[in-house]
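Summary of the model geometry
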Amino acid sequence: MKTGDPSEKDVAIEDPNAPEVVLGATAGGGGAGAAAQEDIPNPIAGTFDGVDPTPGSPKPDEILVAKNVVRRFGGLTAVDVDEVRIQRGAITALIGPNGAGKTTFFNLLTGFDDPDEGDVSLNGNSINGVASHKLAARGMVRTFQLTKSLAKMSVMDNMLLGAGDQRGEKLSFSLLRGSWRKQESEVRARAEELLERFSMTHMADEYAATLSGGQRKLLEMARALMAKPSLILLDEPMAGVNPALVQSLLGHVEALRDEGVSVLFVEHDMDVIMGISDWIVVLAEGSVIAEGTPDQVSSNPRVIDAYLGTEDGGASSDGRQGRDSE
Amino acid sequence: MGIDWGIIIQQFFSQGVGINAMVFAMAAIGLNIHFGYTGLLNFGHVGFMAAGAYGVGMTVFWLDQSLWLGVLVGLLLPTIMALILGIPTLRLRADYLGITTIAASEALRIFVRWRGNQERTGSSGGINDFADEFFEFNIFTRPGTETYDFAPGGLTIFQFRANDLWVLLIGWTLVAFFLLLTWQLMRSPWGRALKSIREDEDAARALGKNAYAYKLQALVLGGVIGGVAGMLQVISRQAVQPDTFNPVITFLIWTILIIGGVGKVASPVAGSMIYWALISGLITFMRELIGTDLSDELETFLNLSVLNVDQLRFVIFGGALMLLMWFRPQGVFGNREEMALEDR
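As a further point, take the confidence of the model for chain A. Residue and element names in this part refer to chain A. Residues at a pLDDT of 70 or more form 82% of chain A, whose mean pLDDT is 82. Predicted confidence for residues 1–37 stays below pLDDT 50, and this span has 48 contacts to residues more than four positions away or in other chains. Counting contacts from residues 311–326, a segment whose pLDDT is below 50, to residues more than four positions away or on other chains yields 18 contacts.

We now examine a negative patch on the surface. Residues and elements named next belong to chain B. Taken together, the side chains of Asp 293, Asp 296, Glu 297 and Glu 299 present a region of like negative charge at the surface. Tracing the backbone through its elements, the reader meets Asp 296 in helix 14 (residues 296–302). The class of Asp 296 is exposed, set by a relative accessible area of 58%.

Here we come to the layout of surface pockets. Empty pockets left among the atoms are what a rolling probe the size of a water molecule brings to light. Here the largest pocket is characterised by a volume of approximately 1,000 Å³. Contributing to the lining of the largest pocket are 43 residues, with A:Lys152, B:Gly36, B:Arg198, B:Glu199 and B:Glu338 lying nearest its centre. Secondary-structure elements contributing two or more residues to the lining of the largest pocket are helix 5 (155–162) and helix 7 (177–197) of chain A together with helix 2 (19–38), helix 9 (189–199) and helix 16 (336–340) of chain B. Looking at the lining of the largest pocket, the element that brings in the most residues is helix 9 of chain B, giving 5 residues. For the lining of the largest pocket, the residue count by class is 15 nonpolar, 11 polar and 17 charged. Of all elements in the fold, only helix 4 (132–135) of chain A together with helix 5 (94–112), helix 9, helix 10 (201–206) and helix 11 (211–237) of chain B reach the threshold of two or more residues within the lining of the second largest pocket.

Turning to the interface of chain A and chain B, a few remarks are in order. With 38 residues of chain A at the contact, the number on the chain B side is 30 residues. Together, the buried faces of chain A and chain B total about 3,100 Å²; carbon and sulfur atoms form 58% of this surface. At the boundary of chain A with chain B, the tally comes to 3 salt bridges. The closest approach of N and O atoms between B:Arg192 and A:Glu184, which form a salt bridge, is 2.8 Å. Inspection of the region where chain A meets chain B yields 12 residue pairs in polar contact (both at pLDDT 80 or more). Looking at the side of chain A that touches chain B, the elements with two or more residues in it are helix 4, strand 6 (140–142), helix 5, helix 6 (171–174), helix 7 and helix 8 (213–226) of chain A. Looking at which element gives the most residues to the side of chain A that touches chain B, the answer is helix 5 of chain A, with 4 residues. Looking at the side of chain A that touches chain B, its residues break down into 17 nonpolar, 11 polar and 10 charged.

Parameters and conventions
Residues numbered from 1 in each chain as written. Chains lettered and ligands numbered in written order. Predicted model: local features only at pLDDT ≥ 70, side-chain atom pairs only at ≥ 80, totals over all residues. Heavy atoms only, no water. pLDDT = per-residue confidence, 0-100. Contact = heavy atoms within 4.5 Å. Patch = residues over 30% accessible without salt bridge, like charges linked within 9 Å, V, L, I, M, F, W, Y side chains within 5 Å. Areas by Shrake-Rupley, 256 points an atom, 1.4 Å probe, with all protein chains shown as cover. Salt bridge = Lys/Arg side-chain N within 4 Å of Asp/Glu carboxyl O. Lys, Arg positive; Asp, Glu negative; His and termini not counted. Charge placed at Lys NZ, Arg CZ, Asp CG, Glu CD. Helix = DSSP H or I, 4+ residues; strand = E, 2+ residues; numbered from the N terminus. Buried < 20%, exposed > 50% of the residue type's maximum accessible area, 1.4 Å probe, protein only. 1 Å grid on protein atoms, 1.4 Å probe; cavity = no way out; pocket = protein on both sides within 12 Å on 5 of 7 lines; lining within 4 Å. Points joined across faces, edges and corners; volume = space filled by probe spheres on them. Nonpolar A, V, L, I, M, F, W, Y, C, P; charged D, E, K, R; others polar. Buried area = accessible area lost by both parts, 1.4 Å probe. Polar contact = N/O pair within 3.5 Å; in protein donor to acceptor, adjacent residues only side chain to side chain.

Encoded structure:
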């Protein structure tokens with residue numbers, strides 16, 4: 001993990017006009033996150049001790065299970081996953097080379113795309129064919145690889161939108177201010193709390209479009225938390241984020257886990273993944289080729305061949321993989 | 001013969017708050033809910049106006065029922081139309097609604113002017129003198145005088161017929177009501193969810209918002225408001241004519257919305273008033289020019305006639321619109337900074 005100093009400097013260079021961000025980002029993110037990592041013991045430490053590091057292995061307490069999920073685009077089979085079981089309360093990373101089908105698989109899990117075959121269940125209940133907007137109420141919220149901040153809405157409105165089951169969001173109640181005023185102020189209080197935690201309080205009234213790339217990732221994560229998810233799926237949360245803010249984001253992801261929220265995320269950056277994940281699922285050419293703890297995965301020859309090897313620009317003997325990474 | 005500036009001023013002000021200004025302001029309020037707040041591409045708004053207009057007209061003409069029942073039908077038909085157009089298309093990308101609405105509005109116009117519908121819609125002749133019941137309640141009716149003048153210091157600024165004044169009173173009251181409704185709705189959590197769909201439908205869905213239902217609600221609401229505008233237009237004329245509902249009207253409403261500023265509550269009213277004041281002032285001015293002694297060169301160059309001033313005004317207005325887009329693309333009420341914001 002980076003020390004405080006260089007990250008502070010980075011932010012200061014990036015954004016000299018916002019000193020609060022500098023303090024906030026490091027104090028609430030990198031600093032607090034790092035502290036949390038050191039002081040609070042990992043609440044799920046030991047959970048994976050007895051778990052077999054093979055694709056599809058059962059976990060002690062599964063929140064999300066995908067079986068035989070297949071997605072074809074014409075003749076191309078983008079995803080063909082036999083079995084993936086995600087442990088509750090853990091940070092699980094989904095990795096794989098470019099074109100491995102990570103985002104497609106994510107879309108299948110979250111109802112943004114329908115599999116041609118297969119079963120996905122959340123908390124033991126099948127969510128096959130359940131509309132994507134209904135999954136938030138079931139405790140599953142996702143973010144997107146290309147951040148979807150709602151540009152022409154304020155940061156606060158972004159946050160307020162995240163809360164589920166709002167009475168005022170029904171057309172029939174929308175004009176009856178009295179019927180939702182109380183809930184609205186509760187939601188607002190919660191939004192303020194979360195903005196505070198993500199060090200974005202001072203930006204509450206700004207348009208979301210004015211935020212930097214990293215701040216948008218933070219906003220998207222904070223907004224997702226408004227829905228009180230039990231499982232949060234982050235699609236490349238660190239992509240395009242400056243290094244100082246990466247530490248802050250990582251701190252927040254770990255804080256989520258420490259609060260009992262399950263996290264499944266897609267990521268490219270191997271350093272990030274190795275440092276933060278409790279469990280790693282490796283996807284290549286649409287299938288799961290390996291699973292395990294960071295140590296197990298990084299020493300797995302199949303992973304090195306399919307993924308890590310190509311990091312150095314085609315060190316792999318497999319020519320096709322080399323092409324994939326380019 | 002010189003130019004009569006009095007008539008130009010009177011036309012400028014009277015048309016600025018006149019029946020067209022009122023009808024188009026109301027129609028644009030509906031379109032603003034569609035496009036300005038929800039991001040729905042409705043290129044057939046005139047179809048909703050026609051549905052309202054024929055709803056009220058046909059109830060009286062074909063079914064021989066009262067005008068008031070007709071008004072209810074005029075609310076119902078745009079609702080049905082919005083559902084028919086929205087249910088199959090709103091699950092798809094935005095462009096599908098655009099294509100469907102423009103086609104549906106034209107199909108509707110062609111269908112009602114079809115000869116076979118003579119008994120039902122009056123075909124190309126339309127439906128005439130069906131709204132007497134509305135004018136029975138005209139509080140401005142008085143014996144002896146046809147028109148009302150408002151002329152401080154001898155200069156006539158506003159001049160309206162008694163019947164028009166009655167339509168205007170009801171119409172602008174409804175416009176005020178719809179503005180209030182829009183304002184209240186858009187500052188509620190429902191409006192917030194609507195705007196999130198405009199910004200990014202997938203994000204809204206990921207946060208648990210049923211984007212499809214919201215879009216359908218917005219389409220119905222804006223469509224019904226367009227239907228009311230259509231009803232007021234035909235009631236004011238006592239005539240439902242199929243060819244008044246041609247596609248140009250839709251783009252006129254878009255123009256008005258853009259002049260006012262997309263996605264702002266009051267912009268449809270401002271846009272409509274500005275448009276009708278300027279376009280009416282302009283054509284009156286040009287008509288005055290026809291009878292005026294100009295230099296021969298200018299006369300030859302302009303070659304004004306009663307026929308071509310009608311077209312020339314749109315040319316001039318088009319040019320003015322381009323200038324507006326150049327210097328103030330956000331419209332009267334829009335916010336340029338906000339307009340420039342985008343998801344990077």
